[in-house]
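# Coordinates in review
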Amino acid sequence: MVIYEGKAVFEGIAIGKLNIYQKKEQSVKRVKVDDTEAEKKRYADAREVAIDELKALYEKAVKEVGESGAEIFEAHQLMVDDEDYIESAESIIETEGVNAEYAVAQTGDNFYKMFSEMEEEYFRGRAADIKDITERILNALSGAGSGGIVSDEPVIVVADDLAPSETVQMDKDKILSFVTVHGSANSHTSILAKTMSIPAIIGCPVPLSEELNGKLAIVDGNEGKVYVEPDEEILAAKKKLVLEEDEKKKLLEELKGKDNVTLDGQKINLYANIGNTKDLGLVLKNDAGGIGLFRSEFIYLGSDDYPTEDEQFAIYKQVAQTLAGKKVIIRTLDIGADKQADYFKLPKEENPAMGLRAIRICLTRPEVFKTQLRAILRASAFGKISIMFPMIISLGEVKRIKEIVAEVKAELDADGISYDKDIELGIMIETPAAVMIADELAKEVDFFSVGTNDLTQYTLAIDRQNQSLDEFYDPHHPAVMRMLKMIVDAAHRHGAWAGICGELGADLSLTKEFLAMGYDELSVSPGRILPIRKIVLETNVSEYKG
Ligand code: PEP
Ligand code: MG
């Protein structure tokens with residue numbers, strides 16, 4: 001038995017086999033070969049593997065997002081078999097007498113450049129697809145797999161770190177737990193773990209060696225430890241704890257269907273945060289009163305090109321219909337910083353968290369913004385949708401957003417398309433600037449939702465992604481707590497409601513304080529709803545009001 005220690009970001013215990021996650025990127029070496037025919041055969045075999053993978057991905061995507069969302073995997077199959085691409089790679093193998101990996105990487109680079117310099121936007125968009133299929137063939141050549149989870153049973157995923165674009169591709173049913181060597185407590189890996197309510201440990205030095213693949217392990221998210229090949233005694237003790245945890249969960253089950261009302265009659269809405277439609281099951285299972293944060297950027301991250309209006313509409317409609325009249329707050333795309341999608345071609349920035357991101361992208365690329373707004377508004381005819389805008393710093397932004405929303409509404413009216421004419425508009429309060437002008441902002445919107453993850457980062461000047469700063473990152477910092485009070489008071493002064501959708505909202509040690517501050521809503525990972533409801537039901541708020 002070997003024990004590794006890290007920082008737990010979600011509690012609970014998982015027992016299962018380890019799956020060492022391999023990054024997709026390949027470093028390709030140029031190697032001289034004698035037998036070029038054998039290299040060409042390796043290349044042909046790799047193409048076959050890639051096509052089989054793409055067929056499987058197509059089937060999976062059809063089930064998850066429907067035919068139109070799956071089309072991309074069909075297009076990729078055609079690209080793997082593209083004659084020009086194959087001729088080019090084979091000719092490099094032949095004329096230079098080199099390995100297939102090098103020939104494919106060269107061809108991929110050349111085709112990528114060619115496409116990305118083309119006039120027409122459509123072809124420029126295909127450049128990202130070239131990169132994708134090239135990586136897939138390279139993976140097949142090296143036998144590295146597609147970077148996903150290759151296992152029939154649920155596993156403990158161990159990785160160096162995971163980007164949102166990687167987690168979005170993972171089959172969530174196959175994940176028991178996350179363990180990462182790097183990553184910060186506020187990264188999206190930990191947010192994902194919380195959404196899935198599975199134990200997760202970051203900053204844990206488990207070696208990323210193939211040898212560990214398939215070995216039995218225990219992840220203890222309560223103590224922040226990973227036991228690889230545990231001895232009998234530990235295994236028995238942890239199995240007992242798993243049973244006890246199941247028992248606690250059963251007790252929480254009894255709270256389903258109850259109102260979130262304190263002993264002295266104060267109500268609070270408890271909503272769920274989600275990243276995609278697969279989380280909807282968890283929303284219903286945990287008896288959420290609605291969705292307080294739908295991180296719509298994950299639709300963009302899971303796509304190789306801008307998702308079309310119809311693709312987005314289908315997703316938003318599904319969410320609205322599944323929630324059957326309960327509130328669904330869709331946050332417009334919050335791309336940039338740690339959430340990168342190649343096809344946005346965002347400039348490389350020194351300081352991306354303070355760069356071109358979120359609403360700034362939407363306001364500088366109104367066509368992308370309007371496509372999303374049209375899709376959301378159309379879906380609003382099928383349920384109770386609200387729209388929320390991230391990273392606001394000024395009144396001017398809010399006014400401009402409202403003008404754009406009005407333009408999109410007018411277009412829909414002209415086309416005779418129905419939508420909720422009174423759709424609620426809200427903003428995220430996640431910059432100190434927004435806190436300071438909260439009174440002015442509150443006059444313009446229906447609600448505020450506090451993004452404490454970013455608000456803490458910008459207030460404390462601590463990069464939320466930087467693991468080495470975790471010891472300085474104090475989520476209970478008095479500056480943040482005072483801001484939270486200022487925000488809710490400003491909202492109420494002007495008839496707006498206020499909620500918290502950042503991770504702090506799920507901090508059980510603060511639930512009573514949020515009630516005392518007067519928050520109307522907390523939006524948290526689905527697994528946190530019942531534990532918070534328990535506290536609400538046991539609280540007498542008047543005891544906590546200062
Ligand atoms: C936040 O910043 O608190 C938030 C909810 O948004 P995200 O974590 O997606 O940036
Ligand atoms: Mg944020």
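Residues numbered from 1 in each chain as written. Chains lettered and ligands numbered in written order. Predicted model: local features only at pLDDT ≥ 70, side-chain atom pairs only at ≥ 80, totals over all residues. Heavy atoms only, no water.

## Remarks on the pattern of salt bridges
- Evaluation of the coordinates by the stated rule reveals 39 salt bridges.
- Of the charged contacts in the structure, one is a salt bridge between glutamate 444 and lysine 402, with a shortest N-O distance of 2.9 Å. In this pair, glutamate 444 is assigned in the loop between helix 16 (438-442) and strand 14 (447-450) and lysine 402 in helix 14 (residues 395-414), connecting sequence segments 42 residues apart.
- A relative accessible area of 23% places glutamate 444 in the partly exposed class. (Salt bridge = Lys/Arg side-chain N within 4 Å of Asp/Glu carboxyl O. Helix = DSSP H or I, 4+ residues; strand = E, 2+ residues; numbered from the N terminus. Buried < 20%, exposed > 50% of the residue type's maximum accessible area, 1.4 Å probe, protein only.)

## Observations concerning the site of ligand 1
- Taken together, 16 residues surround ligand 1, and among them Arg295, Arg331, Gly451, Asn453 and Arg464 come closest.
- Lysine 339 is positioned such that a nitrogen or oxygen atom in its side chain is 3.2 Å from an oxygen atom of ligand 1.
- Separating an oxygen atom of ligand 1 from a backbone N or O atom of aspartate 454 is a distance of 3.0 Å.
- For ligand 1, the accessible surface in isolation is 290 Å², of which the surrounding protein chains cover 100%.
- Here the shell around ligand 1 gets three residues from one element, more than from any other, and that element is helix 17 (residues 452-460).
- In terms of residue class, the shell around ligand 1 is built from four nonpolar, five polar and seven charged. (Near = heavy atom within 4 Å. Polar contact = N/O pair within 3.5 Å; in protein donor to acceptor, adjacent residues only side chain to side chain. Areas by Shrake-Rupley, 256 points an atom, 1.4 Å probe, with all protein chains shown as cover. Nonpolar A, V, L, I, M, F, W, Y, C, P; charged D, E, K, R; others polar.)

## With respect to the sheet that holds strand 11 (residues 327-331)
- Taking strand neighbours around the barrel as the criterion, the eight strands line up as 9-10-11-12-13-14-15-16 in a closed arrangement whose pairing is parallel. Across the sheet, the axes of successive neighbouring strands diverge by a mean angle of 25 degrees, strand direction being ignored.
- Relative to strand 15 (residues 497-500), strand 14 runs parallel, the two being bridged by four bridges. Bridged to serine 449 within strand 15 is glycine 499.
- Here helix 20 (residues 529-538) sits on the sheet in contact with strand 9 (269-274) and strand 16 (521-524), set at roughly 165 degrees to strand 9. (Pairing = 2+ DSSP bridges. Axes fitted to C-alpha atoms, helices over the stretch in contact; angles between N-to-C directions. Contact = heavy atoms within 4.5 Å.)

## Notes on the domain arrangement of the protein chain
- As assigned here, the protein chain comprises domain 1 (2-20 + 156-251), domain 2 (36-142) and domain 3 (263-545).
- Here the C-alpha centre of domain 2 lies 34 Å away from the C-alpha centre of domain 1. (Domains from an automatic or database assignment.)

## Section: the nonpolar core
- Counting residues in hydrophobic clusters, the biggest one holds 90 residues, and the most contacted among them are Phe344, Phe389, Phe448 and Leu484.
- Counting residues per element, this core draws most heavily on helix 18 (residues 478-493), at eight residues.
- Every residue in contact with phenylalanine 448, bar those within four places of it in the chain, is listed here: Ile427, Ile429, Ala438, Leu441, Ala442, Ile487, Ala491, Trp497, Ala498 and Gly499.
- The next biggest cluster of nonpolar side chains, apart from the first, holds 30 residues, and it includes Ala70, Ala89, Tyr102 and Ile130. (Core = buried A, V, L, I, M, F, W, Y, C linked by side-chain atoms within 4.5 Å.)

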